[in-house]
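# Coordinate inspection notes
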Amino acid sequence: MRAEIASLAEAMERLGYIADPAIATALFLAREMRRPLLIEGDAGVGKTEIAKVLARLESTELIRLQCYEGLDVSTSLYEWNYQRQMLRLRLAENEGPTRKTADEIEDLIFGRAYLLERPLLRAITRREGPPVLLIDEIDRADDGFEAFLLELLSDFQVTIPELGTIRAEHVPYVVLTSNRSREIGDALRRRCLYLYIEHPTLEKEVRILHARVPGASAHLAQEIGRFMQALRRRHLAKMPGVAETIDWAQALLHLHREHLDKETVAETLGCIVKDQNDIRELGGGELEAVLAEATG
Amino acid sequence: MSRPDLAGMDGLVGHLARFAGALRDSGVSVSLNDEADGLTALTLVDLGDRDEVRRALRTTLKIRPRDAARFEEIFGRMWRVGSTAAPDHPALRAPRLDRPPMRPKPVGGAPRPRRSETGVETAVPEGGEEPGYSPEAVLRRKPFEECGAADLLAMEQLLARLALRLATRRSRRRVPVRGRGETDLRRSFRRALAHGGEFLSLARRARPIERPRLVVLCDTSGSMDPHARFLLGFVLALRRVARGSEIFAFNTSLVRLTPWLRPGRVDLVLDRLAASVPDWSGGTRIGECLADFVAKYLDSTVDGKTVVLILSDGLDRGDVAPLAGAMRAIQARARRVYWLNPLAGDARYEPTARAMAAALPYLDRLLPAHNLESLARLLPLLAA
């Protein structure tokens, strides 16, 4: 293994992110090749966390764009501050004898001072070094936004009709995440490097627990890890991710539980199983079977 | 993108090209750009570490989870430790040596020329098989079992026209409109400037019409044989207007057909499909196949905007429990679920076949699909 990849994994671990070799290699390549990294995987496997860790590694700002259906330019890129423009316009009218021409007025109110920067524009205009741009849950935005994003990620420049073209001061590190609620377009996928994160192995999950919930004893972490592994082998509609594991461990700590038993699990099941059908499926003795696998 | 220094890397370049070719031959889409990315990555990682090479190629060739098994299999076959030093080792040779390693393809993710070759233009029948003498009305009611190859060509044109009428719904995105709609401040303001800051008229915006996404699951078992070709032809025509549709075939196992669908005549495409689907015209295991679909593809292909079409006669002697479970999962996620049954065209038909009865509670509609007219009636339903 390249020493750089190993040391990247170590650096991430120091920041509390346990990266397996696949994650470290993908992040290393994305950084070296200066390409966006598209991360897919089930909810709660730690996709967003990678961008946060990257920002801390680079000691830079994390700029986050949360995607949703109907996301458009005015909420993702820029918007003019209409109220301010309007006020300035009225002021200009009342300035008396020196009436301004339409051109002068336009220059006045379509200046940078009247521009509201949204995440994408902020990411390319940041002056102090490249930021990390996290485009979260890109699968929730629609095809049109994806096409727009493709253009931005190719050239790292945007054209604002009133202002002209703005080039990136520094090309940001870009991380895109997707829960795969829909297929990401081929063109966008090809523009990025690609990483698919699986649910962690038992060994990795226990290491994550040690890093993120240091208060949990080695014994409890093992039991939680085994329980989660056994749970994921069941056919659940909403597979619990690492995020749930961590929440659960913290909940157990607050309740001062040192090991898993039937009562404890039943009381805190809401931390990890969040689907009504799944809870029902686990009701008829299935939960005891999972518990037996974890503690037996 | 700057190419890495290729001097001394000829063996690696050639081998990577053969590897990408083998992936493409097995249905994993890998573009020339991906190859270039892969090559760049190989200059950055430890070539002696086979796992690291594997991970780097998975990331840079953008291998999705559903292609992972094929990637691993081909990688295991074609990359040995130190394989790059001896690319001519027999074990490393790609199955097809006649292919030049890098085909002159448009670089830069240019879209494949799909639309330039729609069936309407290419489906010119030869010789005396003019479709014109076959009156449209007759063709529209002719049961699929009685149709021949010539009818298929004529129907393809009809289908293409029908598909254009594919119904639609309103998008959540807003675009400029004249007349009615909500006020668009940004454009209103621009307009006002032309009149020295007076708002003489307001710009409007509204939600445009949006075409639905389709996911089609087509039964290709023996009992469906007379129908499958026409239903798939219909689906291919729909695909030209409903972008991003996904098509699956099932009989005893499930196959994702989408990667195989290339522009060209529908009958040729269908022949290619028949060759690529194992057990075409064989038996059926609807329940297992749909459960397989739910496990592997449901999350990535079906969302709240998707209409799921299942084309099957529901004749299956297998266990119905997995079928009901799968149908429940599909219904929970999709906008609408329709089951097209060629048998339902008969007025005496009742959905009593065990599989059909099990699926019925989870369907929005059970529809006949025995002739073109019944398919035409389906189109307005594909919207809402």
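Presented here is an overview of the structure given in this document. Keep in mind that what you see is a predicted model, and the values were worked out from it rather than measured.

In this section: the interface of chain B and chain A. If you look at the interface, chain B gives 32 residues, while chain A gives 34 residues. Taken together, the elements giving at least two residues each to the side of chain B that touches chain A come down to helix H2 (32-44), helix H3 (50-60), helix H8 (185-194) and helix H12 (298-301) of chain B. With six residues, the single largest contributor to the side of chain B that touches chain A is H3(B). Here the side of chain B that touches chain A is composed, by residue class, of nine nonpolar, 10 polar and 13 charged.

Packed helices, taken two at a time, are described by the angle their axes make and the gap between the axes. All names here are of chain B. Relative orientation of the contacting elements H2 and H3 amounts to 150°, with a least axis distance of 9 Å. Along this stretch, H2 crosses H3, giving a crossing that reads as right-handed. Where H2 abuts H3, its residues Asp34, Asp37, Gly38, Ala41 and Leu42 lie against Val53, Ala56, Leu57 and Thr60.

This brings us to the sheet that holds strand S3 (residues 182-183) of chain B. Reading across from one edge, S2-S4-S3 (chain B) is the order of the three strands in this open sheet, with antiparallel pairing throughout. Single-partner strands in this sheet number two, and they are strand S2 (175-177) and S3 of chain B.

Here we take up the pairing of strand S2 (residues 62-66) of chain A. Residue and element names in this part refer to chain A. Of the two faces of S2, the one holding Ile63 and Leu65 is buried and the one holding Leu62, Arg64 and Gln66 is not buried anywhere. Here S2 pairs with strand S5 (residues 132-136) via five bridges, running parallel. Within the sheet, the bridge partner assigned to arginine 64 lies in S5 and is leucine 134.

Moving on, we get to helix H13 (residues 321-333) of chain B. All names here are of chain B. Compared with an ideal rise of 1.5 Å per residue, which puts 13 residues at 18 Å, H13 spans 19 Å between its outermost C-alpha atoms and is within 8% of the ideal. Of the positions making up H13, those classed as buried are Leu323, Ala326, Met327, Ala329 and Ile330. The buried residues of H13 occupy an angular sector of 160° when projected down its axis, which confines them to one face. Its buried side turned inward, H13 meets helix H11 (286-296), H12, strand S9 (306-311), strand S10 (336-341) and helix H14 (354-359).

Looking now at the nonpolar core. As a rule of thumb, soluble globular proteins bury nonpolar side chains together. Ranked by internal contacts, the top residues of the largest apolar core, which has 97 residues, are Ala24(A), Leu27(A), Leu37(A), Leu54(A) and Val175(A). Other than its neighbours up to four places away in sequence, Leu37(A) contacts Ala26(A), Leu27(A), Ala30(A), Val175(A), Cys192(A), Leu193(A) and Leu195(A). Core analysis: the next-biggest nonpolar cluster, separate from the first, contains 53 residues, Ala291(B), Ala358(B), Leu372(B) and Leu378(B) among them.

This part covers the packing of helix H10 (residues 202-212) of chain A against helix H11 (residues 218-232) of chain A. Residues and elements named next belong to chain A. Closest axis-to-axis distance for the H10/H11 pair is 9 Å, and the angle between their directions is 135°. Classified by the interaxial angle, the pair formed by H10 and H11 is oblique. Where H10 crosses over H11, the two elements pack in a sense that is right-handed. On H11, the residues touching Leu202, Glu205, Val206, Leu209 and His210 of H10 are Ala221, Gln222, Ile224, Gly225, Arg226, Met228 and Gln229. Looking at the contact of H10 with H11, its residues break down into six nonpolar, four polar and two charged.

The rules behind each value
Residues numbered from 1 in each chain as written. Chains lettered and ligands numbered in written order. Predicted model: local features only at pLDDT ≥ 70, side-chain atom pairs only at ≥ 80, totals over all residues. Contact = placed C-beta atoms within 7 Å. Helix = DSSP H or I, 4+ residues; strand = E, 2+ residues; numbered from the N terminus. Nonpolar A, V, L, I, M, F, W, Y, C, P; charged D, E, K, R; others polar. Axes fitted to C-alpha atoms, helices over the stretch in contact; angles between N-to-C directions. Left-handed = near helix turned anticlockwise from the far one by under 90°. Pairing = 2+ DSSP bridges. Buried ≥ 20, exposed ≤ 12 C-beta atoms within 10 Å, placed from the backbone. Expected span 1.5 Å × (residues − 1). Arc of directions from axis to C-beta. Core = buried A, V, L, I, M, F, W, Y, C linked by C-beta atoms within 7 Å. Parallel < 35°, antiparallel > 145°, perpendicular 65-115°, else oblique.

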